[in-house]
Structure formats: structure tokens, C-alpha cells
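# Close look at the chain arrangement
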Amino acid sequence: MSTILEPGQIEASAVSPPFLHLPPGNLFEVRAARLERLAQGHALAGYLRLIASLCRVQQQLLALPPGGVPVEAERQRLCISHGLPPLSADSLVREGAWLVWLQALLDLYVPPPGDALADALRQLREADTQQRKGWGIALLAGQYDALPAALVPFIGAALQAAWSHWLLALPAGEIKPGGSLSQCPCCGSPAMAGVVRNRGKHNGLRYLVCSLCACEWHVVRVKCVYCEQSKDLRYSSLEDDRHAPDKAPLRAECCPGCQGYLKQLYLENDAEGEPLSADLASLALDMALDQAGFQRVAPNLMLAPGGG
Ligand code: FE
Ligand code: FE
């Protein structure tokens, strides 16, 4: 692991930057392709390919949504005007409109040959609606001991597909920043990672990526997104022959104040980079940071911490 300082970046924009950046309609296809590429020669190849296969099903679900948006336009507008996330994960996961997405995912998913996933799929298929809903609530609450680790990617994939579909139907231009830097203004979920963008009106700006709906919101650079301090932040990356530390496409912004960190993808160093796949392909960095005393705060809904 190597650690550098990031030069204090002044965001060179006279006008205020666009606050929201919506994912493209083919985001899950992009993730799948990227995961398949990263899996080549990777120590966790089997796991990355499993997630890629789930992303392919997520894209199928977006193309043929099994359910509509569960929040009426009037309620969306009311939430937005009060500065509340219109697709609140807390309440919508309990209302359960996402459960048809989980059923559709189970109907579409073709497991790979072999029986590595057979137990997990059987357990999911046999579970009733209440049980499935309970697992979804536990996953979004970060209560990983309340659901079997092998079920996490399946439930996470269904939740993400539903929320991304709902997100793409929102009047996103009206959304304002919420109370917390690290929480999604559209659904209230915690950020999964950051992206420093490299093109057009977003050039050089940092956006945080939602762990659930995949929307991206602007947060100034060189600031801990958890305690909002800028003092002594360090940027850590995995040793890599191909990149100097200050050119590494993925670096973690580590805060000595609160011991939290957030991984960031620098698109200027990897224009094809995609945050969810980059996060899963760099779990070795999480292990190194854990040993250095830092705590991962950001969830990745395709990953059960410590459960593989
Ligand atoms: Fe979100
Ligand atoms: Fe901090």
C-alpha cells in the first residue's frame, strides 16, 4: 500500500457545478462488462464473474421493469420541496414494492454449472414474502448478521435494480443537497465510493455514488465525507507496477480524524473505470486499510463484509 498527499484541488468552475449526475440507462451492462474484464487473472475471479452475471440480469430487469414507481408524483414533489429523499430507502424497503423485482430476478437468473450457489438459491426461492422483506431491510440497515452472507448479492441486486429504475423516472433536476455529505439525496442511502470525473462540465469534480440507486451527487474534493474535516487527509492505493501512486486510478481518501475512508475512482487515470466493479476488484486495499486501523463505512450491496 502506498500513501500520498493530494494537492489541494481548486474546482475550476465559475458557475456552480451540476449537483446530480444520473447513471446511464445501461449502467448494469457497463458494470457487467467491466467486472468480466477485471476478473481475468484476478484472485477473486469466481466472485467477480458471479456479480457480473447478476448485473446482466439487473440490466434485463431495467429493460422490462416488473413494477412501476411506488411513489406518486405529488409525494415526490413534497419530499423534494422539504429537502427529503423522494425515494427513501428506509420506508420503501418496508413498503415492499421491490419484492416483485427480487422475484423477477430469481425467475431470470440462470446459475452457472456446478452447485456452489444451489443452497443460496433454494433458500431464497423457498422464503416467503415476509422473510425476503426482512432480509432486504437488514441489508439496507447494514445488519449483516441478520441475513445469510450468500444471499447478499441476490438481494442487493434486486434492490439496486428497483431503485435505479425509480431514480431514472424522477424529476432529478429539482433535487437539492441533503443534510449529510455521505447520504444520497435521492434515496438516503450511504455512498459506496467517489468518482472524480474527467469530462465536460463535470471535469475535475468529485461525485459520490449511491450504494443503492447509483445516482451521483457533487461533494467538494479533499474533505472527509463523514466528519467533514480536511486536515491531514491521505490518499492510499495498492502498489501497482503500472501506475505511480499519484496516478493510481483508485485511491482511498483516509481521514485520521474519524478513522473513516472512502475509495475514489479517478477517471483521468482510467477513463473506462466504473465504481462498483472497481470497489469489488480492490478488496485487498480494504484489508490493508483495516490493518492500518481505518474502518470501512461505505457499503457495497453486492458484498457481505467478511462473509465473501
Ligand atoms: Fe440513492
Ligand atoms: Fe473524517
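Quick caveat: nothing in here was measured; it's all calculated off a predicted structure.

## Focus on the coordination of the iron ion (ligand 2)
- Around the iron ion (ligand 2), the protein contributes the donor atoms Cys224 (SG), Cys227 (SG), Cys255 (SG) and Cys258 (SG), which lie 2.2 to 2.4 Å from the metal centre.
- For the iron ion (ligand 2), the 4 donor atoms in the first shell make angles of 102 to 120° at the metal, so the coordination geometry reads as tetrahedral.
- For the iron ion (ligand 2), all donor residues lie on one chain, and their spacing in sequence is C-x2-C-x27-C-x2-C. In this pair, cysteine 224 sits in the loop between strand S5 (216-218) and strand S6 (234-237) while cysteine 255 sits in the loop between strand S7 (250-254) and strand S8 (260-266), placing the two residues 31 residues apart along the sequence. You'll find cysteine 224 and cysteine 255 in the same group, each marked buried.

## Notes on the coordination of the iron ion (ligand 1)
- At this site the iron ion (ligand 1) is bound by Cys184 (SG), Cys187 (SG), Cys210 (SG) and Cys213 (SG), with donor distances of 2.3 to 2.4 Å.
- Around the iron ion (ligand 1) sit 4 donor atoms; with metal-centred angles ranging over 95 to 125°, the donor geometry is tetrahedral.
- Donor residues for the iron ion (ligand 1), ordered by position in the chain, follow C-x2-C-x22-C-x2-C. Note that cysteine 187 is positioned in the loop between helix H8 (152-168) and strand S3 (191-196) and cysteine 210 in strand S4 (residues 206-210), a separation of 23 residues in sequence. Across the pair, exposure class does not vary: cysteine 187 and cysteine 210 are buried alike.

## Side note on the packing of aromatic side chains
- According to the stated counting rule, one finds 2 aromatic pairs in the structure shown.
- With centroids separated by 5.4 Å and ring planes inclined at 80°, the aromatic side chains of tyrosine 109 and phenylalanine 154 adopt a geometry described as edge-to-face. One end of the pair, tyrosine 109, is in the loop between helix H5 (99-108) and helix H6 (118-126); the other, phenylalanine 154, is in helix H8, and 45 residues separate them in sequence.
- Its relative accessible area of 0% is what places phenylalanine 154 among the buried residues.

## Focus: the side chain of serine 2
- Here serine 2 is to be found in strand S1 (residues 2-4).
- Looking at serine 2, the relative accessible area reads 13%, which means it is buried.
- Aside from chain neighbours lying at most four places away, what touches serine 2 is Tyr235, Ser236, Ser237, Glu239 and Pro245.

## Re the domain arrangement of the protein chain
- Each domain of the protein chain was delimited in the assignment, giving domain 1 (7-21 + 177-296) and domain 2 (27-167).
- Distance from the C-alpha centre of domain 1 to the C-alpha centre of domain 2: 23 Å.
- Contact residues are listed per partner, giving 21 residues for domain 1 and 22 residues for domain 2.
- Buried area between domain 1 and domain 2, summed over both chains or domains, comes out near 1700 Å², and the portion from carbon and sulfur atoms is 67%.
- Remark: the boundary between domain 1 and domain 2 carries 2 salt bridges.
- Across the pair arginine 34 and aspartate 270 runs a salt bridge, and its minimum N-O distance is 2.6 Å.
- Applying the counting criterion to the domain 1 and domain 2 interface returns 7 residue pairs in polar contact (both at pLDDT 80 or more).
- Sort the elements by how many residues they give to the side of domain 1 that touches domain 2 and helix H9 (residues 275-280) lands first, with 4 residues.
- Here the residues of the side of domain 1 that touches domain 2 are counted per class, giving 13 nonpolar, 5 polar and 3 charged.

## A few points about the pairing of S3
- Taken across its 6 residues, S3 has 6 buried, putting it largely inside the fold.
- As judged from the 5 bridges shared by S3 and S4, these two strands associate in the antiparallel manner. By the bridge assignment for S4, valine 195 is matched with tyrosine 207.

## Digging into the packing of helix H7 (residues 129-140) against H8
- One way to put it is that H7 packs onto H8 with a least axis distance of 10 Å and a crossing angle of 85°. By the criterion of interaxial angle, the relationship of H7 to H8 is roughly perpendicular. Along its contact with H7, which presents Trp135, Gly136, Leu139 and Leu140, the element H8 presents Val152, Ile155, Gly156 and Leu159.
- Of the residues that constitute the contact of H7 with H8, the class distribution is 6 nonpolar, 2 polar and no charged.

Cut-offs and rules
Residues numbered from 1 in each chain as written. Chains lettered and ligands numbered in written order. Predicted model: local features only at pLDDT ≥ 70, side-chain atom pairs only at ≥ 80, totals over all residues. Heavy atoms only, no water. Donors = N, O, S within 2.8 Å, 3.2 Å for Na, K, Ca; no water. Tetrahedral: all angles 85-135°; square planar, octahedral: opposite > 155°, others 65-115°. Helix = DSSP H or I, 4+ residues; strand = E, 2+ residues; numbered from the N terminus. Buried < 20%, exposed > 50% of the residue type's maximum accessible area, 1.4 Å probe, protein only. Phe/Tyr/Trp six-rings, centres within 6.5 Å; stacked < 30°, edge-to-face > 60°. Contact = heavy atoms within 4.5 Å. Domains from an automatic or database assignment. Buried area = accessible area lost by both parts, 1.4 Å probe. Salt bridge = Lys/Arg side-chain N within 4 Å of Asp/Glu carboxyl O. Polar contact = N/O pair within 3.5 Å; in protein donor to acceptor, adjacent residues only side chain to side chain. Nonpolar A, V, L, I, M, F, W, Y, C, P; charged D, E, K, R; others polar. Pairing = 2+ DSSP bridges. Axes fitted to C-alpha atoms, helices over the stretch in contact; angles between N-to-C directions. Parallel < 35°, antiparallel > 145°, perpendicular 65-115°, else oblique.

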